[in-house]
Amino acid sequence: MVIEYMGDILRAEVAMGKELQYKAKNRPAYMFRIDSERVIDATRSGSPARYINHSCSPNCVAEVVTFERGHKIIISAARRIDRGEELCYDYKLTPVADQSKIPCHCGAANCRKWIN
Ligand SMILES: [Zn+2]
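Because the structure is predicted, anything quoted here is derived from the model rather than measured.

## Concerning the coordination of the zinc ion
- At the metal site, the zinc ion is ligated by Cys56 (SG), Cys104 (SG), Cys106 (SG) and Cys111 (SG), and these contacts range over 2.3 to 2.4 Å.
- Between the 4 donor atoms coordinating the zinc ion, the angles at the centre fall across 106 to 114°, so the site counts as tetrahedral.
- On the primary sequence, the residues serving as donors to the zinc ion are separated as C-x47-C-x1-C-x4-C. Here cysteine 111 lies in the segment after β8 (88–89) and cysteine 56 lies in the loop between β5 (53–54) and β6 (60–67), a separation of 55 residues in the sequence.
- The exposure class assigned to cysteine 56 is buried, which follows from its relative accessible area of 7%.
- Look at cysteine 111 and you get buried, because its relative accessible area is 14%.

Pasting the structure below:
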């Protein structure tokens, strides 16, 4: 385990509203979708895990771990990570029909060119 992705767990509808509020304030939103109903909002009270970038060839993996009283997002090493190496994981964003594509700049040989 490297770090837990921490933040406020919100219902998906509430998270969408919050994201619009952050956009209106020109503030970046840091969110992680647990499933179709829940999202972790790390914008205001998250751990440093919110700053981990996407890569198509990641050195970490993000896993949803279910406990009796809820869920946690755990970022774990997928391979040996050298000192000073940037942490990254595959965001695995699903394309949404009315959403524009987000270009990927990870630089990996197998880069998919788009994050979603
Ligand atoms: Zn890429």
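That was the structure; now back to the text.
## Let's talk about the side chain of serine 76
- Checked against the element boundaries, serine 76 lands in strand β7 (residues 70–77).
- Within the local environment of serine 76, its side chain forms a polar contact with the side chain of glutamate 63, the two groups lying 3.4 Å apart.
- Discounting residues that sit within four places of it in the chain, serine 76 has contacts with Met1, Val2, Asn59, Cys60, Val61 and Glu63.

## Observations concerning unusual backbone geometry
- At asparagine 26, a position not held by glycine, the phi torsion is positive, near 60°.
- Residue position: asparagine 26 is located in the loop between α1 (12–24) and β3 (31–33).

## Considerations on the sheet that holds strand β2 (residues 8–11)
- In spatial order, the strands read β2-β4-β3; together these 3 strands make up an open sheet with antiparallel pairing. In this open sheet, the two edge strands, each paired with only one partner strand, are β2 and β3. Across the sheet, the axes of successive neighbouring strands diverge by a mean angle of 30°, strand direction being ignored.
- Where β3 and strand β4 (residues 38–41) come together, 3 bridges link them in antiparallel fashion. For arginine 33, the partnering residue across the bridge sits in β4 and is valine 39.

Scoring rules and cut-offs
- Residues numbered from 1 in each chain as written.
- Predicted model: local features only at pLDDT ≥ 70, side-chain atom pairs only at ≥ 80, totals over all residues.
- Heavy atoms only, no water.
- Donors = N, O, S within 2.8 Å, 3.2 Å for Na, K, Ca; no water.
- Tetrahedral: all angles 85-135°; square planar, octahedral: opposite > 155°, others 65-115°.
- Helix = DSSP H or I, 4+ residues; strand = E, 2+ residues; numbered from the N terminus.
- Buried < 20%, exposed > 50% of the residue type's maximum accessible area, 1.4 Å probe, protein only.
- Polar contact = N/O pair within 3.5 Å; in protein donor to acceptor, adjacent residues only side chain to side chain.
- Contact = heavy atoms within 4.5 Å.
- Pairing = 2+ DSSP bridges.
- Axes fitted to C-alpha atoms, helices over the stretch in contact; angles between N-to-C directions.

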